[in-house]
Amino acid sequence: MLLALSSSQSLAQINNDLEQYRLGSGDFVKITVFGQDDLMVETRLSNVGVINYPFLGDINLVGLTLNEVESLIDKGLRGDYLVNPSVSVTVLEYRPFFIDGAVKKPGGYPYQPGLSISKAAALAGGFTERANRGNVIIVRKLAGKETEIEATEVDTILPGDIVTVNERFF
């Protein structure tokens, strides 16, 4: 029962992290407005993160949550162009995460929701013999600033994270 409680808490944390997920370069997003096919846009965000949206021109999406983008587009379209727009923004493909250190194939890999460090290591060919699974560093951009987070193999990662698996000394 304790394991089930722990699993549901971690799943809730993952869902909360993705709800608060901020868009970044490399994310592939789809913007739709119900009943307005000509306002549908699918695009991969560049390093600049600016897209050209119909009627609104250039808008910067990097650093915004999906809800903030929906609100921004709704506000821009409401009144002048549409009476009551129903805007939906979804991430079709998240930007990759990166893993290095004591894994067999370090590099960048496609992100999948619910990805733990041990699953990320499996994508990277597994841990090496000298991997210290209890000493992992995640570099994550929070509030526009890169932050180092101490983690273990069971912790979850997010798109754009840089995961470093440190080595044991013996």
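Here we summarise the structure given alongside this text. (Residues numbered from 1 in each chain as written. Predicted model: local features only at pLDDT ≥ 70, side-chain atom pairs only at ≥ 80, totals over all residues. Heavy atoms only, no water.)

This part is about the overall build of the chain. A count of helical and extended segments in the chain gives three helices and ten strands. Going from N to C terminus, the chain has its helices and strands arranged as α-β-β-β-β-α-β-β-β-α-β-β-β. Here the chain holds 170 residues, and 35% of them are scored as buried. For the chain, the accessible area works out to roughly 10200 Å², and carbon and sulfur atoms hold 53% of it. (Helix = DSSP H or I, 4+ residues; strand = E, 2+ residues; numbered from the N terminus. Buried < 20%, exposed > 50% of the residue type's maximum accessible area, 1.4 Å probe, protein only. Areas by Shrake-Rupley, 256 points an atom, 1.4 Å probe, with all protein chains shown as cover.)

Tyr53, Leu61, Ile99, Ile157 and Val165 are the most contacted members of the largest nonpolar core, which totals 40 residues. Elements with a contribution of two residues or more to this core: strand 1 (28-33), strand 3 (50-53), helix 2 (66-77), strand 5 (87-93), strand 6 (97-101), helix 3 (117-123), strand 8 (131-142) and strand 10 (162-167). Look past the residues within four positions of Ile157 in its chain and what remains in contact with it is Phe97, Tyr111, Leu115, Ile117, Ala120, Ile138, Arg140 and Val163. (Core = buried A, V, L, I, M, F, W, Y, C linked by side-chain atoms within 4.5 Å. Contact = heavy atoms within 4.5 Å.)

This part is about the pattern of salt bridges. Once the charged atoms of two side chains with opposite charge are near each other, the side chains can pair. Within the structure shown, the criterion is met by eight salt bridges. Close ionic contact of Asp27 with Arg95 constitutes a salt bridge, the shortest N to O distance being 2.8 Å. Here Asp27, found in the loop between helix 1 (2-19) and strand 1, pairs with Arg95, found in the loop between strand 5 and strand 6; they are 68 residues apart in sequence, far enough to count as distant. This pair shows no difference in class: Asp27 is buried, exactly as Arg95 is. Among the ionic pairs, Glu167 bridges to Arg130, the shortest N-O distance being 4.0 Å. Pair noted here: Glu167 is in strand 10 and Arg130 is in the loop between helix 3 and strand 8, with a separation of 37 residues, a long-range link. Residue class for Arg130 comes out partly exposed when judged on its relative accessible area of 37%. (Salt bridge = Lys/Arg side-chain N within 4 Å of Asp/Glu carboxyl O.)

What follows deals with the pairing of strand 3. Residues Ile51 and Tyr53 of strand 3 are buried on one face, while the alternating residues Val50 and Asn52, pointing to the opposite face, are not. Alignment of strand 3 against strand 4 (residues 57-60), held across four bridges, turns out to be antiparallel. The partner of Ile51 across the bridge, within strand 4, is Ile59. Between strand 3 and strand 4, which pair antiparallel one after the other, the connecting turn spans three residues, and Phe55 there sits at a positive phi close to 75 degrees. (Pairing = 2+ DSSP bridges.)

What follows deals with unusual backbone geometry. Here the phi dihedral of Phe55 falls at roughly 75 degrees; this positive angle occurs in a residue that is not glycine. The residue Phe55 is located in the loop between strand 3 and strand 4 in this model. What makes Phe55 partly exposed here is its relative accessible area of 49%.

What follows concerns the side chain of Arg95. Judged by its relative accessible area of 16%, Arg95 is buried. Polar contacts involving the side chain of Arg95 include one to the main-chain carbonyl oxygen of Arg22, which spans 3.4 Å. Excluding its chain neighbours within four sequence positions, the residues that come into contact with Arg95 are Tyr21, Arg22, Leu23, Gly24, Ser25, Gly26, Asp27, Tyr111, Pro159 and Gly160. (Polar contact = N/O pair within 3.5 Å; in protein donor to acceptor, adjacent residues only side chain to side chain.)

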